[in-house]
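Chain by chain, the residues run as shown.
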Amino acid sequence: MKISFGERLLIWFYKCVNAVVPWHRLPKYIGSFNLLALRIELRAENLHDTYPSWEYQGNTKSDQLLDTKDLCVRNSDGKFNDLERPRMGCAGMRFGRNVPRQHTGAPTHEQLMNPNPRIISERLLARKPGTFKQATIVNLLAAAWIQFQVHDWLQHFNSTEQHEIPLPQGDKWPEKPMKIDKTQPDEILGDEDVGYPGYKNQNTHWWDGSQIYGSSEAKTASLRSQCKDGKLKIDLIHGQDFLPRGEDGIPLTGFNTNWWLGLELIHTLFAMEHNSICNHLRSANPDWTSDQLFDTARLINCALMAKIHTVEWTPAILAHPTIQIAMDANWSGIVGEKLGKIFGRISKSETISGIPGSVAEHNDTPFSLTEEFTSVYRLHPLIPDDIAFFNVRSGVHKATLPIQDVAFEKTREPFDSGLTFADVFYSFGINYPGAITIQNTPNFLRDLHLPDGHHLDLGTIDILRDRERGVPRYNQFRRLFHMPPVRSFEALTGGNISLAAELREIYNSDLEMVDLLVGCLCEPLPQGFGFSDTAFRVFILMASRRLKSDRYIATDWKPEVYTHEGLAWVQDNTMKDVLCRHFPELRAPLRNVQNAFAPWEKVGRSKEYAGKETNA
Ligand code: HEM
């Protein structure tokens, strides 16, 4: 992407400023232009395709558009979002890179194992008994939300080959060595693939609700079977709506792995929201077919989820005044939401009037999510050890359950024992997730028994995956994202001497060896931030790219595609509205809450509960 002279000047100016003051210590409006300068530089230098040429994105001859429907509604496979390059962002396309490919080489066995990832899991990631560190700026719904989103965006393929991790003496893991399925590399398509493998995404790369609707037309059809009026299948059981379940007890939905109660809540909520949108569309368009209702409701529901993520979830977990301005600007531009509603779109510029309604643009690189994007969303410390449950009306404490008792096939047990969805949403609203920090990954995930029989230490896996996929280690990652490398272990830990000593010992005094995840979890955070400034660099780039590349958010954000009712539904609703529409009992705990991902108000007797799980 070419940078104009004015943009160069802006970047240069802020580089000088940042040599003295980081962006997050500047006054908020000056800071938001600082973020704009960072984004321009990142767009120019940190988007890299992993295919040998544009040819692999298809063209109008290789992938002919046979159904005019694909011009104006989402295709579940992700096809035809870009009409000239119809395979862009499809399920099964490769992840791209945010760093030049020559920095992403496949590691040797020595590089993969050094230092031993299991030792890092045990000493640096493990949450020791009784040391749960809470993230007090958000509630547990925020943790479920981001996993729900990740399941829309990405999932690598695993291979049948396995890595063997040698275990240190005295390690209690039952299988020695520990075995972990390798990531499946894509076939070799060009010379670069030999040393720098490409990896494919099982899901569509687009922000298209594929966790609800599926990443293939066949999957979507199966989820809609027998439903009328464009609706998704929902079963009414004892007066409550539930997603239909498979024989294994796990719901039938677009993406249902790693299931737990948090996913159950948000999947159910947005399936219900889809069906409400269908009702709304049908009352305005009584002669529409079921397909028309479904397709338009999906567009609206997806855009609503993208908006909630952009202007609500992100500013909740990055509770810094500059971020609220920057994220609002992504959606509404510097004109802002209120003026935008009065005057409509006054400019095609994304900076002035926001990305929705601007023109789709890929910045000279085919759109895809990236390996580095995957890495910075490894937020497993968000999962707590226990969840405390309360009655939403009286506030009475009902139970405190370990997370393993509300996961996989046991997910529905709290409902079977008398809790309602409203009770459980309320409980999530006042429970804290774990802080995204060092030594806070729950043992549930470090000793994880999946329904398919796999026994995993997700801590070991998180470290191994980044190395395996050639994601640069922490200091090199910072350099490649235009940040200064850290100069000492003490600087990395913000002066935490004992942690610095432990890192020095494990990494054999070599700062360059510190893994990206470990560095991000140790780094001191900007004020109000729930995760590191280093990880945030990927967000600065990719948060807007996901919107800007998507035809349905950028170019086709118009009434002819969404309907007037549809655009209004997205613009006029927040997460709080969605929650209260389907569960009116939640109005009380949400009454004085601005952002539904921030801790909610406690009702009645919940205030008596003093457990560390909640905002007591
Ligand atoms: C009960 C909760 C969770 C369970 C059981 C779970 C389980 C898993 C498993 C089994 C994997 C695949 C490991 C592999 O073989 O590579 C994984 C990957 C991942 N998880 Fe989680 N997870 C949970 C929560 C979360 C949360 C809250 C996030 C936050 C964003 C998250 C983000 C990710 C990401 C980004 C990956 C990488 C996916 C990929 O490599 O394609 N997970 N998780």
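Treat the numbers as computed from the prediction; the structure is a model and nothing was measured. (Residues numbered from 1 in each chain as written. Predicted model: local features only at pLDDT ≥ 70, side-chain atom pairs only at ≥ 80, totals over all residues. Heavy atoms only, no water.)

**Quick notes on the domain arrangement of the protein chain**
Step number 1: Segmenting the protein chain into domains produces domain 1 (1-45), domain 2 (116-473 + 515-608) and domain 3 (484-512).
Step number 2: Computed over C-alpha atoms, the centres of domain 1 and domain 3 are 28 Å apart. (Domains from an automatic or database assignment.)

**Examining helix H22 (residues 497-506)**
Step number 1: Of all the positions in H22, only Leu499, Ala500, Leu503 and Ile506 are classed as buried. Taken end-on, H22 shows its buried residues confined to a sector of 130°, consistent with a single buried face. Turned more than 90 degrees off the buried face of H22, the exposed positions are Ile497, Ser498 and Glu505.
Step number 2: Buried residues belonging to H22 abut helix H5 (117-125), helix H21 (489-492) and helix H23 (516-522).
Step number 3: Asparagine 508 sits one or two residues past H22 and shows a positive phi near 50°. (Buried < 20%, exposed > 50% of the residue type's maximum accessible area, 1.4 Å probe, protein only. Helix = DSSP H or I, 4+ residues; strand = E, 2+ residues; numbered from the N terminus. Arc of directions from axis to C-beta. Contact = heavy atoms within 4.5 Å.)

**Considering the coordination of the iron atom of the ligand**
Step number 1: What the protein offers the iron atom of the ligand as a donor is a single atom, His380 (NE2), at 2.2 Å.
Step number 2: Mapping histidine 380 onto the fold places it in the loop between helix H15 (371-376) and strand E5 (386-390). (Donors = N, O, S within 2.8 Å, 3.2 Å for Na, K, Ca; no water.)

**What about the layout of surface pockets?**
Step number 1: If you add up the space inside the second largest pocket, you get close to 920 Å³.
Step number 2: In terms of lining residues, the second largest pocket is bounded by 43 residues, among which Gln324, Ile325, Met327, Asp328 and Ala329 are the most central.
Step number 3: With 11 residues, helix H12 (residues 321-332) is the largest single contributor of residues to the lining of the second largest pocket.
Step number 4: When its residues are assigned to classes, the lining of the second largest pocket shows 19 nonpolar, 14 polar and 10 charged.
Step number 5: Structurally, the lining of the second largest pocket is a two-domain feature, drawing no fewer than three residues from each of domain 1 (1-45) and domain 2 (116-473 + 515-608). (1 Å grid on protein atoms, 1.4 Å probe; cavity = no way out; pocket = protein on both sides within 12 Å on 5 of 7 lines; lining within 4 Å. Points joined across faces, edges and corners; volume = space filled by probe spheres on them. Nonpolar A, V, L, I, M, F, W, Y, C, P; charged D, E, K, R; others polar.)

**Looking at the confidence of the model for the protein chain**
Step number 1: Counting all residues, the mean pLDDT for the protein chain is 95, and 100% of those residues have values of 70 or more.
Step number 2: Among the prediction metrics, the complex's ipTM stands at 0.99, with pTM recorded as 0.97. (pLDDT = per-residue confidence, 0-100.)

**Some words on the site of the ligand**
Step number 1: In the vicinity of the ligand lie 23 residues, with Gln147, His156, His380, Arg465 and Arg469 positioned nearest.
Step number 2: Taking arginine 465, its side chain carries an N or O atom lying 2.7 Å from an oxygen atom of the ligand.
Step number 3: Here arginine 469 contributes a side-chain N or O atom positioned 2.8 Å from an oxygen atom of the ligand.
Step number 4: Of all the elements in the fold, those that place two or more residues in the shell around the ligand are helix H6 (140-153), helix H18 (443-446) and helix H19 (458-468).
Step number 5: The biggest single contributor to the shell around the ligand is H6, with 4 residues.
Step number 6: Its residues assigned to classes, the shell around the ligand comprises 13 nonpolar, 7 polar and 3 charged. (Near = heavy atom within 4 Å. Polar contact = N/O pair within 3.5 Å; in protein donor to acceptor, adjacent residues only side chain to side chain.)

**Observations concerning the UniProt feature "binding site: heme b" (unreviewed entry) in the protein chain**
Step number 1: Annotation from UniProt places "binding site: heme b" (unreviewed entry) at His380.
Step number 2: Other than its neighbours up to four places away in sequence, histidine 380 contacts Thr441, Pro442, Leu445, Leu458 and Asp462. (UniProt positions renumbered as here; feature names shortened; annotations may be inferred.)

**What to know about the packing of aromatic side chains**
Step number 1: Throughout the structure, instances matching the rule amount to 28 aromatic pairs.
Step number 2: Considering the side-chain rings of tyrosine 213 and phenylalanine 294, the 5.6 Å spacing of their centres and the 90° angle between planes classify their relative orientation as edge-to-face. Of the two residues, tyrosine 213 is situated in helix H8 (residues 210-213) and phenylalanine 294 in helix H11 (residues 290-317); the sequence distance between them amounts to 81 residues.
Step number 3: Feature note: the residues Trp153, Trp207, Phe373, Tyr377, Phe531 and Phe539 constitute an aromatic cluster, connected by ring pairs.
Step number 4: The positively charged end of arginine 94 is found above the aromatic ring belonging to tyrosine 51, 5.0 Å away from the centroid.
Step number 5: The ring of tryptophan 153 is capped by arginine 546, whose NZ or CZ atom sits 4.1 Å from the centre of that ring. (Phe/Tyr/Trp six-rings, centres within 6.5 Å; stacked < 30°, edge-to-face > 60°. Lys NZ or Arg CZ within 6 Å of the ring centre and 35° of its normal.)

**What to know about unusual backbone geometry**
Step number 1: Backbone torsion omega between asparagine 114 and proline 115 reads -10°, so that peptide bond is classified as cis.
Step number 2: For the bond running from lysine 176 to proline 177, omega is -5°, close enough to zero to count as cis.
Step number 3: By secondary structure assignment, the location of proline 177 is in the loop between strand E1 (158-165) and strand E2 (178-183).
Step number 4: Although it is not a glycine, asparagine 508 adopts a positive phi angle of roughly 50°.
Step number 5: With respect to the helices and strands, asparagine 508 occurs in the loop between H22 and H23.
Step number 6: The class of asparagine 508 is exposed, set by a relative accessible area of 66%.
Step number 7: Despite not being glycine, threonine 563 has its phi angle at roughly 75°, a positive value.
Step number 8: The topology assignment puts threonine 563 in the loop between helix H25 (559-562) and helix H26 (564-572).
Step number 9: Looking at threonine 563, the relative accessible area reads 12%, which means it is buried.

**Regarding empty space enclosed by the protein**
Step number 1: A complete count under the given rule lists 6 cavities of 30 Å³ or more for this structure.
Step number 2: Counted as a void, the largest cavity has a volume near 120 Å³.
Step number 3: If you list the elements that add at least two residues to the lining of the largest cavity, you get H15 and H23.
Step number 4: Among the elements that line the lining of the largest cavity, the one with the most residues is H23, at 4 residues.

**Focus: the pairing of E5**
Step number 1: In terms of burial, E5 is a largely internal element, 4 of the 5 residues being buried.
Step number 2: Pairing of E5 with strand E6 (residues 397-402) involves 5 bridges; the strand directions are antiparallel. Among the inter-strand pairings, phenylalanine 389 is bridged to a residue of E6, identified as alanine 399. (Pairing = 2+ DSSP bridges.)

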